[in-house]
Amino acid sequence: MLNVLTLSSLFPDATRPNFGIFVERQTAALASRPGVAVRVVAPIGLPVWPLARSARFRAQAALPLRENWAGLDVSRPRFVTIPGTGGRFHVPALIRALIPVLDRLYDEARFDVIDASFFFPDGPAAVALGRRYGVPVSIKARGADIHLWGRAPATRHQVARAAMQADGLLAVSDAMADDVAALGVSKHRIRVHHTGVDQSRFQPIERDGAKQALGVTGPLVVSLGALIPRKGHGVVIDAVARLPGVTLMIVGEGPERAALAARAERAGIADRVRLVGAIPHAELPPLLGAADVMALASASEGLANAWVESLACGTPVVITPAGGAGDVVTSRVAGRIALADPGEFAAAILDVLDQAADPWAVRAVVRDFTWAANAAALHSHLAELVARGR
């Protein structure tokens, strides 16, 4: 039996059901494999008083310290964050919060390996705790954990040191592996570990009927991601402004909502742009299946689940050359890779619309992106670390 402790500050809870849902799916798939037992520790960072009094943080503070979530045994210790410090003190605060929790879990049933599913602050904390319990540690790089924390002055040295000290390293794409290697580790130590998608739920549907249900006529473009500058929704709005008759639905929530609405108004296409907010993950398949194109002008990514989920629904993508874009747009059937420029994106979207690719041919591009394959690769990786340690 392989006993795994999954550590991830990127994990859903009742206040954020979509937050890190791909980590939940990965962990559940691993736990379903014969000969594997998994427990999850999903720490929650709460700011110092009085910021912790906000409704958002009060709700997070009230979450159970341990619960069954999606069939997984999940512990949710809290650790203190100090705004304005650039994350410099996240790791020691996290370690202090984790020690009593992991001591208890280790006493209940010893774990063989720590699987840190996000690089910061989870990775450095996992390395320290791996030494405490005498078990190997794997850290996975996903995107912002390297692009933000791995480059920020206050935290980059902590991230680089964890990368060098970890027993195993995973990255969501080959480009992400290059970014981890740039921290000073050999790329040969990094295993590319692609995400998965529920192929039974994300699949092509009858597009015209799905559009009608949404009240859309004509071509539909969906832009999917948090409403933050890095996702580039504004570029997609400006691109759609150059495409008469095209409707744009932006799915996600965040601080840029008002600015994006104003941008659509200035472009004269407020009647063709819908900011639909965040929606439950289970409701994504019919929306993505209705779209003719999923367009996302990200400044940086690891390998976005939105790309893979869209393709599984038979919807081509227009994306920037960020992160693992080349891992999914492997042919023109899958879509186009374009610079984050409104003119470039408009031309690429129009090209995809004119192509009108067979949705099932589009879906075939990501047929190997399954949670079963993801879990099998993770199981093999973690078992190798344990065997090597023994």
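Since this is a predicted model, take the numbers as computed values, not measurements. (Residues numbered from 1 in each chain as written. Predicted model: local features only at pLDDT ≥ 70, side-chain atom pairs only at ≥ 80, totals over all residues. Heavy atoms only, no water.)

**Brief notes about the sheet that holds strand 11 (residues 220-224)**
Hydrogen bonds between backbone groups are what pair the strands of a sheet, and the pairing can be parallel or antiparallel. As a reminder of what qualifies: Should DSSP find at least two bridges between two strands, the strands are taken to pair. In this text, helices come from DSSP runs of H or I with a minimum length of four residues, and strands from runs of E with a minimum of two, each type numbered from the N-terminal end. Only the contacting stretch of a helix is used when fitting its axis, a line to C-alpha atoms as for every element, and angles between N-to-C directions run 0 to 180 degrees.
Overall, parallel pairing links the 6 strands, which are arranged 13-12-11-14-15-16 in an open sheet. One side of each edge strand has no neighbouring strand; the edge strands of this open sheet are strand 13 (273-277) and strand 16 (335-337). The average angle at which neighbouring strand axes cross in this sheet is 20°, direction not considered. Sheet analysis places strand 11 next to strand 12 (residues 247-251), joined by 5 bridges and oriented parallel. Bridging from a neighbouring strand, Leu220 pairs with Thr247 of strand 12.

**Focus: unusual backbone geometry**
As a reminder, the rule being used: Burial here depends on accessible area, computed with a 1.4 Å probe over protein chains only, as a share of the maximum for the residue type. Under 20% is buried, over 50% is exposed, and the range in between is partly exposed.
Geometrically, the link from Phe120 to Pro121 is a cis peptide bond, its omega value of 5° lying close to zero. Within the secondary structure layout, Pro121 lies in the loop between strand 7 (113-116) and helix 4 (122-133). One non-glycine residue, Ala356, adopts positive backbone phi at about 50°. Note that Ala356 resides in the loop between helix 14 (342-355) and helix 15 (359-364). Among the residues examined, Ala356 registers a relative accessible area of 58% and is labelled exposed.

**What about the packing of helix 9 (residues 233-240) against helix 10 (residues 257-266)?**
Our working definition: An angle below 35 degrees is treated as roughly parallel, one above 145 as roughly antiparallel, one from 65 to 115 as roughly perpendicular, and anything else as oblique. Crossing chirality is assigned from the near helix's rotation relative to the far helix, an anticlockwise turn below a right angle marking it left-handed and a clockwise turn marking it right-handed. Contacts were defined at the residue level, with two residues in contact if any of their heavy atoms lie within 4.5 Å. Polar here means any residue other than Ala, Val, Leu, Ile, Met, Phe, Trp, Tyr, Cys and Pro, which are nonpolar, and Asp, Glu, Lys and Arg, which are charged; Gly is therefore polar.
Contact pair helix 9 / helix 10: the axes reach a minimum separation of 10 Å and the direction vectors enclose 15°. Regarding the angle of helix 9 to helix 10, the classification is roughly parallel. As helix 9 runs across helix 10, the sense of the crossing is right-handed. Contacts from His233, Gly234, Val235, Ile237 and Asp238 in helix 9 reach Leu260, Arg263 and Ala264 in helix 10. Its residues assigned to classes, the contact of helix 9 with helix 10 shows 4 nonpolar, 2 polar and 2 charged.

**Details of the domain arrangement of the chain**
Filter applied, for reference: Domain boundaries shown here were taken from an automatic or database domain assignment. Using a 1.4 Å probe, buried area is obtained as the accessible area two parts lose upon being combined, added over both of them. For this analysis, a salt bridge means a side-chain nitrogen from Lys or Arg found within 4 Å of a carboxyl oxygen belonging to Asp or Glu. Identification of polar contacts relies on pairs of N or O atoms within 3.5 Å, with a donor-acceptor requirement for protein atoms, meaning one able to donate a hydrogen and the other able to accept it, and with residues adjacent in sequence counted only if both atoms are side-chain atoms.
Split by domain assignment, the chain resolves into domain 1 (2-196 + 370-389) and domain 2 (207-365). On a C-alpha basis, the centres of domain 1 and domain 2 stand 30 Å from each other. Each partner contributes to the interface: domain 1 provides 17 residues, whereas domain 2 provides 13 residues. Buried surface at the junction of domain 1 and domain 2, both sides included, amounts to about 980 Å², of which 56% is carbon and sulfur. Ranking the residues of domain 1 by area buried against domain 2 places Asn18, His147 and Thr195 at the top, with a combined share of 36%. Linking domain 1 with domain 2 are 0 salt bridges. In this assembly, domain 1 and domain 2 are joined by 6 residue pairs in polar contact (both at pLDDT 80 or more). Going through the elements one at a time, helix 1 (21-31), helix 5 (144-147) and helix 7 (174-181) are the ones with two or more residues in the side of domain 1 that touches domain 2.

**Here we look at helix 7**
The criterion, for reference: It is the directions from the helix axis to the C-beta atoms that the arc portrays.
Residues of helix 7 that are buried: Met176, Ala177, Val180 and Ala181. Burial along helix 7 is one-sided: seen end-on, the buried residues are contained in an arc of 145°. Packed against the buried residues of helix 7 are strand 8 (137-141), helix 5, strand 9 (168-171) and strand 10 (190-192).

**Focus on the side chain of Ser310**
Within the secondary structure, Ser310 is located in helix 12 (residues 305-312). Not counting residues within four places of it along the chain, the set of residues in contact with Ser310 comprises Leu288, Met294, Thr315 and Val317.

**Topic: the pattern of salt bridges**
Scanning the entire structure with this criterion turns up 16 salt bridges. Note that Glu301 is salt-bridged to Lys231, the shortest N-O span being 2.7 Å. Placement of Glu301 in the loop between strand 14 (293-296) and helix 12 and of Lys231 in the loop between strand 11 and helix 9 is noted, with a sequence separation of 70 residues between them. A relative accessible area of 6% places Glu301 in the buried class. Note that Arg257 is salt-bridged to Glu253, the shortest N-O span being 3.2 Å. One salt-bridge network, held together by shared partners, links Arg66, Asp73, Arg104 and Glu108.

**Notes on helix 9**
In terms of burial, helix 9 is a largely internal element, 8 of the 8 residues being buried. Of all the positions in helix 9, only His233, Gly234, Val235, Val236, Ile237, Asp238, Ala239 and Val240 are classed as buried. Buried residues along helix 9 sit against strand 11, strand 12, helix 10, strand 14 and helix 14.

**Examining the packing of aromatic side chains**
Given two aromatic rings, one states the distance between the centres and the angle between the planes to describe the pair. Quick reminder of the rule: Pairing of aromatic side chains requires ring centres within 6.5 Å, counting the rings of Phe and Tyr and the six-membered ring of Trp. Pairs whose planes differ by under 30 degrees are stacked, by over 60 edge-to-face, and all others tilted. Working rule: Lys NZ or Arg CZ, within 6 Å of ring centre, within 35 degrees of ring normal, means a charge sits over the ring.
For the coordinates displayed, the defined rule picks out 4 aromatic pairs. Where Tyr106 meets Phe111, the ring centres are 5.0 Å apart and the plane angle is 70°; that geometry is what we call edge-to-face. Residue classification places Tyr106 among the buried residues on the basis of a relative accessible area of 18%. Look at Phe111 and you get buried, because its relative accessible area is 2%. Ring-pair connections join several aromatic residues into one group, and the members of that group are Tyr106, Phe111 and Tyr133. We note Arg16 situated over the ring of Phe19; from NZ or CZ to the ring centre the distance is 4.3 Å.

**Overview of the environment of Arg151**
Within the secondary structure, Arg151 sits in the loop between helix 5 and helix 6 (156-165). When the C-alpha positions of Arg151 and Pro50 are compared, they lie 29 Å apart, and in sequence the two are 101 residues distant. Discounting chain neighbours no more than four positions away, the residues touching Arg151 are Ile146, Arg156 and Asp179.

**Some remarks on the sheet that holds strand 2 (residues 36-41)**
Within the open sheet, the 8 strands sit side by side as 4-5-2-1-7-8-9-10. Their pairing is mixed. Here the strands that pair on one side only, and so sit at the sheet edges, are strand 4 (66-69) and strand 10. In this sheet, neighbouring strand axes are inclined to one another by 25° on average, regardless of whether the strands run parallel or antiparallel. Sheet analysis places strand 1 (residues 2-7) next to strand 7, joined by 4 bridges and oriented parallel. Bridge pairing links Leu7 to Ala116 in strand 7. Here helix 4 sits on the sheet in contact with strand 1, strand 7 and strand 8, set at roughly 175° to strand 7.

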